[in-house]
Amino acid sequence: TVQLSASGWEMSTTMFVPELRYLLWTLLQACWAAVVITMAAFAVLIVFQYRRIVKPVVSITDRVAEIERDPQKEMDLHFGVAEYDALSESISAMIHYRQRTHDEMMQIRTDAYEEQISFLQSQINPHFLYNSFESIRGMAGRGMMEETRRTVSCIAAVYRYCSKGGPYAMLRDE
């Protein structure tokens, strides 16, 4: 009931205790329902976050680690999500560029070593020939005919060996 008093309007209610208990019970159930709905929404959000963000990132990381272990292995890095597919393509391009650069660098090193060996061989061959002729001349001047014959035979074998193969010899042929 609403009444006018000297201090202003006053409202008074007369409720029975069972009605008050029912009202409090209903309010408590509504609060619990709100808590349950909020928790369910958080669970859905966590599952969504895991499936859309965490799982693809972990998968990309695992696949990149596999490629690092075996660079020659081709792997599919597509997930069906545009952002992750774009990231995966960038990572794949970066890995292929790194592999191609590594291969080119190894080829440049190999070419440089072969050039260095060729240069050293071109310096050694004339020097070896000069020293061989000087040794033969010295032995012939002292009358060492048998030693001179063996030396010429050995030098001939060396030059025959050098003329057969390329710049390298197999270990079994040595």
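In short, a report on the structure. Predicted, not measured: the structure shown is a model, and the values here were computed from it.

Remarks on the overall build of the protein chain
In step 1: Counting its regular elements, the protein chain contains three helices and two strands.
In step 2: Ordering the α and β elements of the protein chain from the N terminus gives β-β-α-α-α.
In step 3: Residues counted as buried form 11% of the 174 residues belonging to the protein chain.
In step 4: Once local pairs closer than 6 in sequence are excluded, the contacts in the protein chain between residues at least 24 apart make up 34%.
In step 5: Total accessible area on the protein chain stands at roughly 14,800 Å², and carbon and sulfur atoms take up 65% of it.

Observations regarding the nonpolar core
For soluble globular proteins, nonpolar side chains are generally found buried alongside one another.
In step 1: Listed in full, the five residues of the largest apolar core are I60, I67, Y84, I91 and I95.
In step 2: Going through the elements one at a time, α1 (17–69) and α2 (82–142) are the ones with two or more residues in this core.
In step 3: With three residues, α2 is the largest single contributor of residues to this core.

A word on a nonpolar patch on the surface
In step 1: On the surface, a nonpolar cluster with roughly 570 Å² of combined accessible area is contributed by W25, L28, W32, V35 and M39.
In step 2: Mapped onto the secondary structure, W32 falls in helix α1.

Looking at the pattern of salt bridges
In step 1: What the rule picks out here adds up to three salt bridges.
In step 2: Two residues, R137 and E134, come together in a salt bridge whose shortest N-O distance is 3.0 Å. Of this pair, R137 and E134 both sit in helix α2, three residues apart, which is roughly one turn of the helix.
In step 3: In this structure, R149 and E146 form a salt bridge, with 3.5 Å as the shortest nitrogen-oxygen distance. Within this pair, R149 and its partner E146 are both found in helix α3 (residues 145–164), separated by three residues, close to a single helical turn.
In step 4: For R149, a relative accessible area of 54% corresponds to the exposed category.
In step 5: By relative accessible area, which is 43% here, E146 ends up partly exposed.

Some remarks on the side chain of T148
In step 1: Topologically, T148 is positioned in helix α3.
In step 2: Among the residues examined, T148 registers a relative accessible area of 10% and is labelled buried.
In step 3: In terms of polar contacts, T148 uses its side chain to reach the backbone carbonyl oxygen of M144, at 2.6 Å.
In step 4: When residues no more than four places from it in sequence are discounted, the contact partners of T148 are I136, M139 and A140.

Rules behind the numbers
- Residues numbered from 1 in each chain as written.
- Predicted model: local features only at pLDDT ≥ 70, side-chain atom pairs only at ≥ 80, totals over all residues.
- Heavy atoms only, no water.
- Helix = DSSP H or I, 4+ residues; strand = E, 2+ residues; numbered from the N terminus.
- Buried < 20%, exposed > 50% of the residue type's maximum accessible area, 1.4 Å probe, protein only.
- Contact = heavy atoms within 4.5 Å.
- Areas by Shrake-Rupley, 256 points an atom, 1.4 Å probe, with all protein chains shown as cover.
- Core = buried A, V, L, I, M, F, W, Y, C linked by side-chain atoms within 4.5 Å.
- Patch = residues over 30% accessible without salt bridge, like charges linked within 9 Å, V, L, I, M, F, W, Y side chains within 5 Å.
- Salt bridge = Lys/Arg side-chain N within 4 Å of Asp/Glu carboxyl O.
- Polar contact = N/O pair within 3.5 Å; in protein donor to acceptor, adjacent residues only side chain to side chain.

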